[in-house]
Structures are given as structure tokens and as C-alpha cells.
Amino acid sequence: GFAVFSLAIGTMVSEINKGELLATLKERSMLYKIARLKNHFVICFHNEYTIEVSKQLLKSHIPFVVIDPGDDIEELAKKHKYPYYIQAEPHTELSRLKAHLSSAKGLITLSHSIADNIALIASVRLFEQEHSIPVPYNVITSAENTSDLDKLKKLGANTVVTPTKLTAQRVTAMAAHPDMENLL
């Protein structure tokens, strides 16, 4: 009995020293909070677009979860005030389950790589079919050029935003109505 007790205490002290116990407890706490979300958005990959989108979602009181594989996601989440975050590859089934995608309103994929965006769109549409989701997810993504825009739309993205198109629309609106700049 004493040997089993000593082994258990030794294992626990070892895990505490490694810091894995604390990390596990933090992750578990985050997952419990995420599990209570409904009609939230899952944002994949942290970058400058994610920062701006998260600011707007926070202003609008729309809940969201950020998934990013980077080791520094916890610091980034604190810095940019992400209420919920997961350190994982967004393509995996486990990350979709951790983000509670089954009760989400949609997915926003903001990778600079079109391959990542394509993979996420396809995996979300497959997730819908496998889990018999009654209302399709609102999938929003970004594309660097118009040829990518067409591909992403055909693959199942509801909305594809291109920075060049948005910039052109805004510049045109300001050129046509210079007094409208402040309203935009």
C-alpha cells in the first residue's frame, strides 16, 4: 500500500514540476466554458485579420473561439482579449469537437494559405453531413485574389472576402462621395 501511495505522489509531483498539470487544468476549464456556448463562431488561425475580426465581434457581443496551432496562442489571446481559444490544428476532428462546432453558428477561416482554407471548408461541410447538422454553417473565408474567390465559393464557402475588392469598393465610394468618408 505504501509503495502505491509513494508512486502516486511521485507521479503527481513529477507532473506538477513539468507544468503539465496546470496546463491540463487550464485547458479543461476553457473547454467547459466553450461547451456552454451556443451560436458562436469558430475562427481558425491567428493573424492580423483575426485580430480585427475579434475586435468587431467583441463590440457586437458575438461569442467566438479562436483555434491556432501556435505555442504562443495563450499570450496572444490575453493580448488581444480572445475570451476563448484552443491550441490545436484547426483541420482535426478533435479541434472541432473542442471548439463545440456542433452548436456553432459558423466558421471563419482566415489563413493566408488557400490550401488551409480549402481544407477547413471541406472538413466543415463533411462535419455537417456526418453529424446531421440541420442548419448549414455560415462559412466565411478570405482569398488573396479573384481566382481563389471562385474556387472557395464552389467548394462551399458562403462568403469570400478579398482585400483588394474591399479596398476598391471603399476607394470608389470615397471618390464618388468624398463627404461620405466619415460615414464609411
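Right above here is the structure, for reference.
Here goes a summary of the coordinates provided. (Residues numbered from 1 in each chain as written. Predicted model: local features only at pLDDT ≥ 70, side-chain atom pairs only at ≥ 80, totals over all residues. Heavy atoms only, no water.)

## Describing the pairing of strand S1 (residues 41-44)
Neither face of S1 is open: one carries Phe41 and Ile43, the other Val42 and Cys44, and all of them are buried. With four bridges joining them, S1 and strand S2 (residues 64-68) adopt parallel strand pairing. Residue pairing across strands places cysteine 44 opposite isoleucine 67, the latter belonging to S2. A crossover links S1 with its parallel partner S2, the connecting element being helix H3 (residues 48-59), and its sense is right-handed. (Buried < 20%, exposed > 50% of the residue type's maximum accessible area, 1.4 Å probe, protein only. Helix = DSSP H or I, 4+ residues; strand = E, 2+ residues; numbered from the N terminus. Pairing = 2+ DSSP bridges. Right-handed = clockwise from strand over helix to strand, strands pointing away.)

## Topic: the environment of glycine 70
Its place among the elements puts glycine 70 in the loop between S2 and helix H4 (73-80). A residue is classified by how much of its surface remains accessible, and glycine 70, at 18% relative accessible area, is buried. Once the C-alpha coordinates of glycine 70 and tyrosine 84 are considered, the two residues, 14 residues apart in sequence, prove to be 15 Å apart.

## Thoughts on unusual backbone geometry
Phi is mostly negative for residues that are not glycine, and the peptide bonds are mostly trans. One non-glycine residue with positive phi stands out, namely asparagine 39, at about 55°. In this structure, asparagine 39 sits in the loop between helix H2 (20-35) and S1. On the accessibility criterion, asparagine 39 (52% relative accessible area) is exposed. You will see that phenylalanine 45, though not glycine, has its phi angle at about 80°, which is positive.

## Re the sheet that holds strand S3 (residues 85-87)
Spatially, six strands are ordered S3-S2-S1-S4-S5-S6 in an open sheet, and the strand pairing comes out parallel. The sheet terminates laterally at S3 and strand S6 (159-161), the two strands that pair on one side only. Averaged over all pairs of adjacent strands, the angle between their axes in this sheet comes to 15°, without regard to strand direction. With three bridges joining them, S2 and S3 adopt parallel strand pairing. Paired with valine 66 across the strands is tyrosine 85, a residue of S3. Against the sheet, H3 makes contact with S1, S2, strand S4 (106-109) and strand S5 (138-142), and its axis sits at roughly 165° relative to S2, the strand it touches most. (Axes fitted to C-alpha atoms, helices over the stretch in contact; angles between N-to-C directions. Contact = heavy atoms within 4.5 Å.)

## Focus on a nonpolar patch on the surface
On the surface, Phe2, Phe5, Ile9, Met12, Val13, Ile16, Leu21 and Leu25 cluster together to form a nonpolar patch covering roughly 790 Å² of accessible area. Of all the elements, helix H1 (residues 2-18) adds the most residues to the nonpolar patch, at six residues. Mapped onto the secondary structure, leucine 25 falls in helix H2. (Patch = residues over 30% accessible without salt bridge, like charges linked within 9 Å, V, L, I, M, F, W, Y side chains within 5 Å. Areas by Shrake-Rupley, 256 points an atom, 1.4 Å probe, with all protein chains shown as cover. Salt bridge = Lys/Arg side-chain N within 4 Å of Asp/Glu carboxyl O.)

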